[in-house]
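Examination of the molecular architecture
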Amino acid sequence: QVQLVESGGGSVQAGGSLRLSCAPSRSISSLNAMGWYRQAPGKQRELVARITRYGSTTYADSVKGRFTISRDNAKNTVYLQMDSLNPEDTNVYYCKAETGLGGTYYDHWGQGTQVTVSS
C-alpha cells in the first residue's frame, strides 16, 4: 500500500495559479506512474495529468498548455503547476500512484484537495 499526502489546494481568482504537491510513502522511482485526477459532484473522476517513472507525461486536452506535471526525486514529490485557472477547473483534485507488474496492477489514491476558482 502506498500512502499519498496531498497539499496546495485552495481558492484563487480566474487567471491565477496554484501548485499541488503529492508526496508518496514510497520512493517515486519505485512507482510505475503518478498522476492527478479530478472529480466534480455527480461525475466520473477524470485524468488531469500523469507522469510515468520514465518521465513521459500525459495531459487532458482541457489543461494542455496551462498545467504542468513534474517530479522532484530528491524531495520525493510530484507537483501539478496550474496556471491560467478558470472556474471550470473548480474540483476536488486527487493524486494517484500506480504500482504492480506482471499483469497485476494497483492504484493508490490520496484523500483529495479542493481547488476553487472564482470568476
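Here we summarise the structure given alongside this text. Predicted model only: the values in this text are computed from it and were never measured.

1. Here we look at the state of the cysteines
Taken as a whole, this structure holds 1 disulfide when the rule is applied. With a sulfur-sulfur separation of 2.0 Å, cysteine 22 is cross-linked through a disulfide to cysteine 95. Residues cysteine 22 and cysteine 95 share a disulfide whose torsion about the S-S bond is about -85°; that sign makes it left-handed. Here cysteine 22 is found in strand 3 (residues 18-24), whereas its partner cysteine 95 is found in strand 9 (residues 91-101), with 73 residues between them in sequence. We note that cysteine 22, like cysteine 95, is buried.

2. A word on the side chain of threonine 52
You can see threonine 52 is positioned in strand 5 (residues 46-52). What makes threonine 52 buried here is its relative accessible area of 15%. Beyond its immediate sequence surroundings of up to four residues, threonine 52 is in contact with Asn32, Ala33 and Arg71.

The rules behind these values
Residues numbered from 1 in each chain as written. Predicted model: local features only at pLDDT ≥ 70, side-chain atom pairs only at ≥ 80, totals over all residues. Heavy atoms only, no water. Disulfide = S-S within 2.5 Å. Helix = DSSP H or I, 4+ residues; strand = E, 2+ residues; numbered from the N terminus. Buried < 20%, exposed > 50% of the residue type's maximum accessible area, 1.4 Å probe, protein only. Contact = heavy atoms within 4.5 Å.

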